[in-house]
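Each chain, written out:
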Amino acid sequence: MIGKQVTNLLNKQINAEIWSAYLYLSMSLDATFKNLNGVANWFRVQWQEELEHAKILQEYMNSQDAKVELQPIKEVPNTWASVLEMFKDALEHEMEVTCRIHEIAMLAQKEYDYATFSRMQWFIDEQVEEEQLCKDLIHLYKMSSDNHALQYQLDKDLAKRKYKMSEHLHAEHWIS
Ligand SMILES: [Fe+2]
């Protein structure tokens, strides 16, 4: 049984995950517009992963008979000065998401809601990966700032990223 406050935070988290998806879709489209197809692909995968996070939370809430209530999605920027700026913004945003998830985990633990506390463990691990990915890419783009050949190669590498559905998502609920 999920309490009112945790339900409220989970609903806010669904909104934050969908906003993340919207932010990464915007970055992907900005990159497409600038012919950076690898970067565009990388953020497109990121967009799909964020939607997946929202779906995992929805499924979890459904399983616990907690009411999912969708909230308005606030606007996102449409353009970035450079790829480096995109990854810096992405990292800053992921760090905020990490704080929100920690807040849910702390409240769940305080309320003896161990099911939600357990569910948050996956998100906590996921956030460590998300932040590390952004940090690595910031480092790579900083190192290649004056080297166009290296940036071209980086873009080619980012084009290889593929979306893979999480095992925590019940595919039969979403694909028919
Ligand atoms: Fe996420």
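It should be noted that the structure appears before, not after, this text.
A brief structural summary. Note that the coordinates shown come from a computational prediction; the quantities given were computed from them, not determined experimentally.

Observations concerning the coordination of the iron ion
- Around the iron ion, the donor atoms from the protein are E17 (OE), E50 (OE) and H53 (ND1), and they sit 2.1 to 2.2 Å away.
- In terms of primary sequence, the donors binding the iron ion are separated according to E-x32-E-x2-H. Taken together, the positions of E17 in helix 1 (residues 4–33) and H53 in helix 2 (residues 37–63) put the pair 36 residues apart, joining distant regions of the chain. Residue E17 shares its accessibility class with H53, and that shared class is buried.

Thoughts on helix 3 (residues 83–110)
- Under the 1.5 Å per step criterion, the end-to-end length of helix 3 is 41 Å for 28 residues, consistent within 8% with the ideal 40 Å.
- Positive phi appears at Y112, one or two residues downstream of helix 3, with a value of about 60°.

Quick look at the packing of helix 2 against helix 3
- Contact pair helix 2 / helix 3: the axes reach a minimum separation of 12 Å and the direction vectors enclose 15°. Here helix 2 is positioned roughly parallel relative to helix 3, judged by the angle of their axes. In this structure, helix 2 meets helix 3 at a crossing whose hand is left-handed. When helix 2 is examined against helix 3, the residues V39, W42, F43, Q46 and E50 are found in contact with a partner set consisting of V83, M86, F87, A90 and E94.
- Taken together, the residues that form the contact of helix 2 with helix 3 break down as 7 nonpolar, 1 polar and 2 charged.

Details of the nonpolar core
- In terms of nonpolar packing, the biggest core is built from 23 residues, with V39, F43, F87 and Y141 touching the most fellow members.
- Secondary structure elements with two or more residues in this core: helix 1, helix 2, helix 3, helix 4 (114–143) and helix 5 (148–158).
- Of all the elements, helix 3 adds the most residues to this core, at 6 residues.
- If we ignore the near neighbours within four places in the chain, the residues touching V39 are A31, V83, M86, Y141, D155 and L158.

Brief notes about unusual backbone geometry
- Residue N35 is not a glycine yet carries a positive backbone phi of 60°.
- As for its position among the elements, N35 is in the loop between helix 1 and helix 2.
- Residue N35 is classed as exposed on the basis of its relative accessible area of 62%.
- The backbone of D65 sits at a positive phi, close to 55°, despite the residue not being glycine.
- With respect to the element layout, D65 can be found in the loop between helix 2 and helix 3.

Focus: the packing of aromatic side chains
- Summed over all chains, the structure comprises 7 aromatic pairs.
- With a centroid separation of 5.2 Å and 80° between ring planes, the pair formed by W42 and F87 is classed as edge-to-face. With W42 in helix 2 and F87 in helix 3, the pair connects residues that are 45 residues apart, well separated along the chain.
- Among the residues examined, F87 registers a relative accessible area of 0% and is labelled buried.
- Centre to centre, the rings of F87 and Y141 are 5.7 Å apart; their planes meet at 35°, and the pair counts as tilted. Of this pair, F87 sits in helix 3 while Y141 sits in helix 4; the two residues are 54 residues apart in sequence, bridging distant segments of the chain.

Some points on the pattern of salt bridges
- This model, assessed by the stated rule, comprises 4 salt bridges.
- Residues K34 and D30 are paired through a salt bridge, measuring 2.8 Å at the closest nitrogen-oxygen approach.
- R161 is the salt-bridge partner of E49, the closest N and O atoms lying 3.6 Å from each other. Separated by 112 residues along the polypeptide, E49 in helix 2 and R161 in the loop between helix 5 and helix 6 (171–174) bring together distant segments of the chain.
- With a relative accessible area of 17%, E49 lands in the buried category.

Thresholds, definitions, all that
The numbers attached to residues start from 1 for each chain and follow its sequence in the written order. Selection of residues for local features in this predicted model requires a pLDDT of at least 70, selection of side-chain atom pairs for listing and counting requires 80 or more, and totals for whole chains, interfaces and linings are taken over all residues. The side-chain values count all of the structure's non-hydrogen atoms but skip hydrogen atoms and water molecules. Because no water is among the atoms considered, metal sites can look incomplete, with donors defined as N, O and S atoms within 2.8 Å of the metal, or 3.2 Å for Na, K and Ca. Every helix listed is a DSSP run of H or I at least four residues long, and every strand listed is a run of E at least two residues long, numbered separately from the N terminus. The buried label goes to any residue with under 20% of its type's maximum accessible area, the exposed label to any with over 50%, and the partly exposed label to all in between, with areas taken from a 1.4 Å probe on protein chains only. Working rule for helices: expected span equals 1.5 Å times residues minus one. Simply put, an axis is a line fit to the C-alpha atoms, just over the touching stretch for a helix, and the angle between two N-to-C directions goes from 0 to 180 degrees. For classification, angles of less than 35 degrees are called roughly parallel, those exceeding 145 degrees roughly antiparallel, those between 65 and 115 degrees roughly perpendicular, and all remaining angles oblique. Left-handed is the label given to a crossing in which the near helix is rotated counterclockwise from the far helix by less than a right angle, and right-handed is the label when the rotation is clockwise. Residues are treated as being in contact if the distance between any of their heavy atoms lies within 4.5 Å. As a working rule, the residues Ala, Val, Leu, Ile, Met, Phe, Trp, Tyr, Cys and Pro are called nonpolar, Asp, Glu, Lys and Arg charged, and the rest polar, with Gly in that last group. Take the buried Ala, Val, Leu, Ile, Met, Phe, Trp, Tyr and Cys residues and link them wherever side-chain atoms come within 4.5 Å; each set so joined is a nonpolar core. Side-chain rings of Phe, Tyr and Trp, where Trp is taken by its six-membered ring, are said to pair if the distance between their centres is within 6.5 Å; with planes under 30 degrees apart they count as stacked, over 60 as edge-to-face, and otherwise as tilted. For this analysis, a salt bridge means a side-chain nitrogen from Lys or Arg found within 4 Å of a carboxyl oxygen belonging to Asp or Glu.

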